[in-house]
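# Structural overview
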Amino acid sequence: SPVAMNELISLVVDSISLQLQKKNAELVLVLDADPDVVIGDELHLSNMIYNLIDNANKYSPENPKITVKTKNLANGIGIEVQDEGIGMTKEQTKRIFDQFYRVPTGNLHDVKGFGLGLSYVNDIIKQMNGTIRVQSEKDKGTTFVIHLPIN
Ligand code: ATP
Ligand code: MG
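Residue positions within a chain follow its written sequence, with the count starting from 1. To label them, take the chains in the order written and letter them from A, then take the ligands in the order written and number them from 1. Reporting of local features is limited, given that this is a predicted model, to residues whose pLDDT is at least 70; pairs of side-chain atoms are given and counted only at 80 or more, and all residues count toward the totals for whole chains, interfaces and linings.

## Quick word on the packing of helix 1 (residues 5–15) against helix 3 (residues 42–58)
Stated precisely, the cut-off is as follows: Where helices are involved, their axes are fitted lines through C-alpha atoms of the stretch in contact, as for all axes, and angles between N-to-C directions lie from 0 to 180°. Think of it this way: any DSSP run of H or I at least four residues long counts as a helix, any run of E at least two long counts as a strand, and we number them from the N terminus. To sort the angles, those under 35 degrees are grouped as roughly parallel, those over 145 as roughly antiparallel, those from 65 to 115 as roughly perpendicular, and the leftovers as oblique. Here is the rule for handedness: rotate from the far helix to the near one, and if that takes an anticlockwise turn smaller than a right angle the crossing is left-handed, while a clockwise turn gives right-handed. Contact definition: two residues whose C-beta atoms, as placed from backbone geometry, lie within 7 Å. Residues were grouped as follows: Ala, Val, Leu, Ile, Met, Phe, Trp, Tyr, Cys and Pro as nonpolar; Asp, Glu, Lys and Arg as charged; and all remaining residues, including Gly, as polar.
Close contact between helix 1 and helix 3 brings their axes to 9 Å; oriented N to C, the two are set at 50 degrees. Classed by the angle they form, the pair helix 1 and helix 3 counts as oblique. As for the relative orientation of helix 1 and helix 3, their crossing is right-handed in sense. Mapping the contact onto sequence places Leu8, Ile9, Leu11, Val12 and Ser15 in helix 1 and Glu42, Leu45, Ser46, Ile49, Tyr50 and Ile53 in helix 3. Class assignment for the residues of the contact of helix 1 with helix 3 results in eight nonpolar, two polar and one charged.

This is the structure we're talking about:
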């Protein structure tokens, strides 16, 4: 079912708040998109945002700062999920949308996962004719930039 984007993000943030609290994360929301904009399937979009915030939290040291932004674009909506965590090399970012690919996390031990979250995110975005790209720098952080068109 369709749902307004900003409301959806609030619901996802609620559902992940325990994990964020455990690491004492600071979540900054800059929701500048039209609050009522509807862009697609509620479940898929929630899972997309959930996976990205979960990753931002998991692949950061304690007290992570995570920023989620939305904005209106000419033909759709822009979403960014940004962290200041462990980051990745360029070679690693090329493979993160592959099923089961995981980057060795080095000194940030015991980070669990299957390597499936981002391949799912990528599939959802393709289904909506959207785009996702990743900017990352090792030990500096990572930003996922998403564009979803509105039909
Ligand atoms: P899960 O299936 O539970 O999501 P996962 O988190 O390992 O497992 P993905 O979400 O697909 O799988 O991410 C793939 C890999 O990309 C991760 O294992 C991690 O190495 C890297 N990665 C993803 N997001 C980030 C991020 N924000 N910062 C640093 N590395 C990341
Ligand atoms: Mg993940």
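Next, the rest of the story.
## Focus: the nonpolar core
What counts, and what does not: Think of a nonpolar core as buried Ala, Val, Leu, Ile, Met, Phe, Trp, Tyr and Cys residues, each tied to the set through C-beta atoms within 7 Å. Counting other C-beta atoms within 10 Å of a residue's C-beta gives its exposure: the residue is buried at 20 or more, exposed at 12 or fewer, and partly exposed in between, where C-beta atoms are placed from the backbone.
Of all hydrophobic cores here, the largest spans 29 residues; its most connected members are Ile49, Leu52 and Ile53. When residues of this core are traced back to their parent elements, those giving at least two are helix 1, helix 3, strand 4 (65–73), strand 5 (76–83), helix 5 (117–127) and strand 7 (141–149). Looking at which element gives the most residues to this core, the answer is helix 3, with six residues. Dropping the residues within four chain positions of it, Ile53 is found in contact with Val12, Ile16, Ile66, Val68 and Val81.

## Concerning the sheet that holds strand 2 (residues 26–31)
Using the following cut-off: The rule for pairing is simple: two strands pair if DSSP sees at least two bridges between them.
Read from one edge of the open sheet, five strands run 2-4-5-7-6, paired in mixed fashion. With one partner strand each, in any of the chains shown, strand 2 and strand 6 (131–137) form the two edges of the open sheet. This sheet shows a mean twist of 10 degrees between the axes of neighbouring strands, independent of strand direction. Inspection of the sheet shows strand 5 paired to strand 7 by eight bridges, in the antiparallel sense. Looking across to strand 7, one finds that Val81 is bridged to Phe144. Strands strand 2, strand 4 and strand 5 of the sheet are contacted by helix 1, whose axis makes an angle of about 170 degrees with strand 2.

## A short note on the site of ligand 1
To keep it simple, the criterion reads: Placing a C-beta atom from the backbone of each residue, we mark the residue near a molecule or strand if the atom is within 6 Å of it.
Near ligand 1 there are 21 residues, and of these Asn55, Val103, Gly113, Gly117 and Leu118 occur at the shortest range. Listing elements by their share of the shell around ligand 1, those giving two or more residues are helix 3 and helix 5. For the shell around ligand 1, the class distribution of residues is ten nonpolar, nine polar and two charged.

## Quick word on helix 3
Keep this limit in mind: What a helix is expected to span follows from its residue count: subtract one and scale by 1.5 Å.
Here helix 3 is 17 residues long and its end C-alpha atoms lie 24 Å apart, about the 24 Å a rise of 1.5 Å per residue gives. Every buried residue of helix 3 is accounted for by Leu45, Met48, Ile49, Asn51, Leu52, Ile53, Asn55 and Ala56.

## Quick word on the pairing of strand 2
Among the six residues that make up strand 2, zero are buried, leaving the element largely open to the surroundings. As defined by bridge partners, strand 2 adjoins strand 4 across six bridges and the pair is classed as parallel. Counterpart to Leu27 in the pairing with strand 4 is Ile66.

## What to know about unusual backbone geometry
Even without a glycine there, the phi angle at Phe100 is positive, about 70 degrees. As for its position among the elements, Phe100 is in the loop between helix 4 (90–93) and helix 5. In the Ramachandran plot, Asp139 falls in the positive-phi region, its phi being about 65 degrees despite a non-glycine side chain. Within the element layout of this structure, Asp139 appears in the loop between strand 6 and strand 7. Judged by the 10 C-beta atoms lying within 10 Å of it, Asp139 is exposed.

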